[in-house]
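One letter stands for each residue in the lines below.
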Amino acid sequence: MRLFSYEKISYLNTSKMWSTTYDEKNKLWKGSDLPSCDRNVSIASVILKSLLSGGSKIAQINASTGMSLSFDDIRMRTIRVVKNLQARNLATKQIFGIVAMNHDHLAPIVFASFALGCTVYPIDILYTKFEFGQKFQKIKPKVIFCDISAYDAVLESLAELKHRAKIFTFGGQKGDSEDVEHLLAEVDDETDIIPVPVDDVNDLAAIYCSSGTTAPSKGISISHTMLLNAIAATYDWKPESNRTWLNFYSFQWFRSLIFLLSGTTTGVTRVFSAEIFCPARIFEIIEKFNVSRLMGSPYFLKHLIHSESIKSANLSSIENIILGGYKLPYELGKMMDDLLPNGTVSNRYGLTELGGTVSIEVPQFSKGSVGQLKRGNIAKIVDENGEKLGVNERGEICIKSMSMSPGYYQDELLTKKSFDEEGFFLTGDIGYFDDDGDLFVIDRKGDTFKYQAYVISLAEIEGVLLQSPQISAVCAFSSPDCDGMEAPAVAVVRAKNSNITADEIDKLISDYFFQRNKLAGGIYFVKSIPKTPSGKNLKRKVREIVLQQSAVPNISL
């Protein structure tokens, strides 16, 4: 077994990073090979070496406050947090809950948690007391780091569960909490720390909640090996790179953890913000800090493209915009790609269970696929009976990855159901590989149904409507028609100053789909659409709201 070395994360050729070969005999698609990880290497040991190597270079910048920290700064803060936690007799290998937005001291808290062999458990700061209770009922953290604004809800949820946890708060002290700043205080011995030894299978680095788009969310187990392989397989920039990445997603997103770890190990400067999404502000940050890479969703991209501020935006520093979260309408990607003078849009496909990215379209946006497989990935396409399909044949996408989750936390039954007998993860996504080895994701297994003998694709309906500048957001779902049959329906958020009507929306659909996607289930104008923390539509929630509040389509809720 070849051992993982943090130096190997870089110096990778992009053409080799993303390439797919087809095994016609076994009907398998394979990415490039990836070295295996040493079972005894923790993510903390890799991070600490990278911080030492980065030295005085700026590691992160808070775009909201302008505060910057070097790699040395973060390394010293990590050491202090570890030793101050140890001085409080907080045991190693515990679950540490994190309920926080992007913060100056979030990185040393996360790195210190890893160094103690603890498991970080990120939770959305916007949850209610009830929702916090749901998250803490099964997964009970020993320590919780939370924004002071979430303290009351967190404390009340713990009290109802009769569970005690030590709470540290960002932004000051409240009640029985302790200010996170106390963990950054100087200690007598500030020499290097030795991370607690870990086992890559039995010791978890993190637990992340799944999106919960079609069912209640699950706790996805994230091992140390999974994280290390995800970074090594995905990122190719050299440690001495002067590039800058931008992230405005909160830490409860798995992509934010990968952003933090990969940015640290590759030596780039990370820019983050906890501000409310605003296109003009995003463009301002991009220009001010010469941002070269940022990640987003089709929803994010749509609002950038249709904002007035894009007309004067300077996007010359952008090399790459990576998109993911859900299916990207080709026209949206092409519009943004044409606006980047020195960069390109990369349509990405990924799942938390598979270490984030599965495939990505490089070197440039061309045909709207999700591109070539990541290193260490193997894929197959299967029909409803589990039989393997070939080139250009559509079926469920199944992936086996070296950066794959060991399963769902304390849920053996669900874990068993999520993998087939060959060890492939059943993604629930429908797609195919073309003759060039590019993967196309065309639908969600649970997002198709038959109506009047036609197969209805909810993803296709959303993709068409999202192209209209008069529509800010849309969620397609199934709803009973006048005969009680499940039919396609949409909830629509009008764009600012838009008065688009139900008839005009019907016309948009009929221009593309003839009669098969006729919105017989109704068109509902709403003020907002419930979404998961990762930005995906909560279709079941939208359906519940619509059916509970009105049985009459074409109304405003």
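Read on for an overview of the structure.

### Re the nonpolar core
Phase 1 of the analysis: Membership of the largest hydrophobic core comes to 73 residues, with the highest contact counts inside it found for F114, F145, L227 and L257.
Phase 2 of the analysis: Looking at which element gives the most residues to this core, the answer is helix α4 (residues 106–115), with 8 residues.
Phase 3 of the analysis: If we ignore the near neighbours within four places in the chain, the residues touching L257 are V110, F114, A206, Y208, L227 and F251.
Phase 4 of the analysis: Core analysis: the next-biggest nonpolar cluster, separate from the first, contains 29 residues, A63, V291, L301 and L332 among them.

### Structural notes on the pattern of salt bridges
Phase 1 of the analysis: Within the structure shown, the criterion is met by 21 salt bridges.
Phase 2 of the analysis: Between D189 and K83 there is a salt bridge whose closest N-O contact spans 3.5 Å. Remark: K83 occurs in helix α3 (residues 71–87) and D189 occurs in the loop between β9 (178–179) and β10 (204–209); sequence separation between them is 106 residues.
Phase 3 of the analysis: Accessibility expressed as a relative area gives 41% for D189, which makes it partly exposed.
Phase 4 of the analysis: In this structure, the salt-bridge partner of K367 is D436, at a minimum N-O distance of 3.0 Å. A residue pair is termed long-range when its members are at least 10 positions apart, and K367 in the loop between β17 (356–360) and β18 (372–373) and D436 in the loop between β21 (425–433) and β22 (439–444) qualify at 69 residues.
Phase 5 of the analysis: Each member of the salt-bridge network shares a partner with another, and the members are K367, D434, D436 and D438.

### Digging into the sheet that holds β22
By definition, the strands of a sheet pair up through backbone hydrogen bonds, in either a parallel or an antiparallel sense.
Phase 1 of the analysis: One open sheet accounts for 6 strands, arranged β1-β2-β19-β20-β21-β22; its pairing is antiparallel. If you trace the sheet from one side to the other, it starts and ends with β1 (21–23) and β22, each paired once. Looking at each pair of strands side by side, their axes are set apart by 40° on average, direction ignored.
Phase 2 of the analysis: In this sheet, strand β2 (residues 28–30) lies alongside β1 in antiparallel orientation, the contact comprising 3 bridges. Among the inter-strand pairings, D23 is bridged to a residue of β2, identified as L28.

### Comments concerning helix α6 (residues 151–161)
Phase 1 of the analysis: Of all the positions in α6, only Y151, A153, V154, S157 and L158 are classed as buried.
Phase 2 of the analysis: Backbone geometry just after α6 places K162 at a positive phi near 55°.

### Observations regarding the sheet that holds strand β26 (residues 486–494)
Phase 1 of the analysis: One open sheet holds the 3 strands; their spatial order is β25-β26-β27, and the pairing between them is mixed. The strands lining the two open edges of the sheet, one partner per strand, are β25 (471–480) and β27 (522–525). On average, adjacent strands in this sheet sit at an angle of 20° to one another, irrespective of strand direction.
Phase 2 of the analysis: Where β26 and β27 come together, 4 bridges link them in parallel fashion. Note on β27: the bridge partner recorded for V492 is F525.
Phase 3 of the analysis: Across the sheet, helix α13 (residues 458–465) lies against β25 and β26, angled at about 150° from β25, the strand it touches most.

### Let's talk about the packing of helix α10 (residues 298–305) against helix α11 (residues 330–338)
Phase 1 of the analysis: α11 packs onto α10 with a crossing angle of 50° between their chain directions and a minimal axis gap of 10 Å. Judged by the inter-axis angle, α10 sits oblique to α11. Considering how the two elements wind past one another, α10 and α11 form a crossing that is left-handed. Here α10 contributes P298, L301, K302 and I305 to the contact with α11, which in turn contributes L332, G333, M335 and M336.
Phase 2 of the analysis: A breakdown of the residues in the contact of α10 with α11 according to their chemical character gives 6 nonpolar, 1 polar and 1 charged.

### Side note on the packing of aromatic side chains
Phase 1 of the analysis: According to the stated counting rule, one finds 18 aromatic pairs in the structure shown.
Phase 2 of the analysis: Plain terms: the ring middles of F132 and F136 are 6.1 Å apart, the flat faces sit at 10° to each other, and that makes the pair stacked. Linking F132 with F136, this pair stays in helix α5 (residues 129–138), spanning 4 residues, or about one helical turn.
Phase 3 of the analysis: Aromatic side chains Y249 and W253 sit 4.1 Å apart centroid to centroid with 25° between the ring planes, which places their arrangement in the stacked category.
Phase 4 of the analysis: Classification of Y249 as buried rests on a relative accessible area of 7%.
Phase 5 of the analysis: Taking the ring centre of F168 as reference, the NZ or CZ of K166 above it sits at 5.2 Å.
Phase 6 of the analysis: Looking at R255, its charged tip hangs above the ring of Y249, at a distance of 5.1 Å from the centre.

### Some words on the side chain of N84
Phase 1 of the analysis: Structurally, N84 can be placed in helix α3.
Phase 2 of the analysis: The exposure class assigned to N84 is buried, which follows from its relative accessible area of 9%.
Phase 3 of the analysis: In contact with N84, other than residues within four places in its own chain, are H182, L183, L184, A185 and V187.

### Considerations on the environment of I523
Phase 1 of the analysis: Relative to the helices and strands, I523 is located in strand β27.
Phase 2 of the analysis: Each C-alpha atom of the pair I523 and V492 lies 7.3 Å from the other, and the pair is 31 residues apart in sequence.

### Some points on unusual backbone geometry
Phase 1 of the analysis: A positive phi angle is found at N290, which is not glycine, with a value near 50°.
Phase 2 of the analysis: Tracing the chain through its elements places N290 in the loop between α9 (279–289) and β14 (293–296).
Phase 3 of the analysis: Taking the relative accessible area as the measure of exposure, N290 reaches 53% and is therefore exposed.
Phase 4 of the analysis: At Q410, a position not held by glycine, the phi torsion is positive, near 50°.

### Observations regarding the packing of helix α2 (residues 43–54) against α3
Phase 1 of the analysis: Orientation of α2 relative to α3, taken along the N-to-C sense of each, is 140°, at an axis distance of 7 Å. Between α2 and α3, the interaxial angle falls into the category oblique. Every pair of crossing elements has a handedness; the one defined by α2 and α3 is left-handed. Residues L48, S50, L51, L52 and G54 of α2 form the contact with α3, whose participating residues are F71, D72, I74, R75 and T78.

### Some details on the environment of L328
Phase 1 of the analysis: Within the fold, L328 resides in the loop between β15 (320–323) and α11.
Phase 2 of the analysis: Residue L328 is classed as buried on the basis of its relative accessible area, which comes to 4%.
Phase 3 of the analysis: In this structure the C-alpha to C-alpha distance between L328 and L466, which are 138 residues apart in sequence, comes to 9.6 Å.
Phase 4 of the analysis: With sequence-adjacent residues up to four places away left out, L328 is seen in contact with P298, L301, L323, G333, N347 and F365.

Criteria and cut-off values
- Residues numbered from 1 in each chain as written.
- Predicted model: local features only at pLDDT ≥ 70, side-chain atom pairs only at ≥ 80, totals over all residues.
- Heavy atoms only, no water.
- Core = buried A, V, L, I, M, F, W, Y, C linked by side-chain atoms within 4.5 Å.
- Buried < 20%, exposed > 50% of the residue type's maximum accessible area, 1.4 Å probe, protein only.
- Helix = DSSP H or I, 4+ residues; strand = E, 2+ residues; numbered from the N terminus.
- Contact = heavy atoms within 4.5 Å.
- Salt bridge = Lys/Arg side-chain N within 4 Å of Asp/Glu carboxyl O.
- Pairing = 2+ DSSP bridges.
- Axes fitted to C-alpha atoms, helices over the stretch in contact; angles between N-to-C directions.
- Parallel < 35°, antiparallel > 145°, perpendicular 65-115°, else oblique.
- Left-handed = near helix turned anticlockwise from the far one by under 90°.
- Nonpolar A, V, L, I, M, F, W, Y, C, P; charged D, E, K, R; others polar.
- Phe/Tyr/Trp six-rings, centres within 6.5 Å; stacked < 30°, edge-to-face > 60°.
- Lys NZ or Arg CZ within 6 Å of the ring centre and 35° of its normal.

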